[in-house]
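Given next are the chains, with one letter for each unit.
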Amino acid sequence: MLELAILGLLQEAPMHGYELRKELTAKLGAIRAAISYGSLYPTLRRLQAAGWITEAAETPATAEDVPALTSRRGRVVYTITAEGKERFAQLIAQTGPETYGDTGFGVHFAFFSRTDQATRLRILEGRRRTIEERREGLRDMLGRAAERLDAYTLELQRHGLDACEREVRWLEELIANERSGRAPTVPPDGTAGGRREDNSPPPPGETRKERP
């Protein structure tokens, strides 16, 4: 999934490694925790060896965009190639179990604006089935083992069940929007989801913030 995220970001603009790390954080939100930044540079080298990205001329680092304790020598700027754009198109069109899990779904969802409608719908429906199965597993476990769980473990399992139920509702609304040709609405304050704000989950891996 890191390969897809890197190629997608480099389609927006050439970037050096530190910029990629910042953009991955901004683009992927909390699901970035599931992606090892220790694998960023090995992945960049692999993409370069495959001919999907190339190194542009080094640029001198400026004080304002270099983190503390980091060298200010020039840095390599990575640029996507024509072959890399083709590879991104292949990856973004993929559907299957790997696109329905938390990390895979989150990365694909981050690039839904560049995904065709049919693929978006297949991924959303697959994600819904995945979460419905997770929800039913939690319900079954609570029904069979609730009496053996301590209060805190029981509360944690209920929290997980509630999160599944909210995500299913969120996915059902997204699926309905896709089938009718509507995109998710973004209200003037910039928060996504419009009326889903109070009863739908945030993107996978993030925690919904309660209003005061």
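Computed from a prediction, not measured in an experiment: that's the story for all the values here.

Colleague: Describe in detail the packing of aromatic side chains, supporting the description with residues and values.
Modeller: Under the counting rule described, the total for this entry stands at five aromatic pairs. Seen in terms of ring centroids, Phe88 and Phe111 are 5.8 Å apart; in terms of plane orientation they differ by 80°. Their pairing is edge-to-face. Taken together, the residues span a long stretch of sequence, with Phe88 in helix 4 (residues 82–92) and Phe111 in the loop between helix 5 (102–110) and helix 6 (117–145) at a distance of 23 residues. By relative accessible area, which is 1% here, Phe111 ends up buried. On the basis of an interplanar angle of 90° and a centroid distance of 6.4 Å, the ring pair of Phe105 and Trp170 is categorised as edge-to-face.

Colleague: Could you give me a rundown of the side chain of Thr115, with the residues and numbers involved?
Modeller: Mapped onto the fold, Thr115 is located in the loop between helix 5 and helix 6. Take Thr115: its relative accessible area is 5%, and that puts it in the buried class. Among all residues touching Thr115, those that are not within four sequence positions of it are Ile92 and Arg120.

Colleague: Please provide a residue-by-residue account of the packing of helix 1 (residues 2–12) against helix 4, values included.
Modeller: Helix-helix packing is described using two parameters, namely the angle between the two axes and the distance between the axes. One can describe the packing of helix 1 onto helix 4 by two numbers: an axis separation of 9 Å at closest approach and a directional angle of 125°. Considering the angle they form, helix 1 stands oblique to helix 4. The handedness of the crossing between helix 1 and helix 4 is left-handed. On helix 4, the residues touching Glu3, Leu4, Leu7, Gly8 and Gln11 of helix 1 are Gly84, Lys85, Arg87, Phe88, Leu91 and Ile92.

Analysis parameters
Residues numbered from 1 in each chain as written. Predicted model: local features only at pLDDT ≥ 70, side-chain atom pairs only at ≥ 80, totals over all residues. Heavy atoms only, no water. Phe/Tyr/Trp six-rings, centres within 6.5 Å; stacked < 30°, edge-to-face > 60°. Helix = DSSP H or I, 4+ residues; strand = E, 2+ residues; numbered from the N terminus. Buried < 20%, exposed > 50% of the residue type's maximum accessible area, 1.4 Å probe, protein only. Contact = heavy atoms within 4.5 Å. Axes fitted to C-alpha atoms, helices over the stretch in contact; angles between N-to-C directions. Parallel < 35°, antiparallel > 145°, perpendicular 65-115°, else oblique. Left-handed = near helix turned anticlockwise from the far one by under 90°.

So, to be careful, I would describe these as geometric facts and stop short of saying anything about function.
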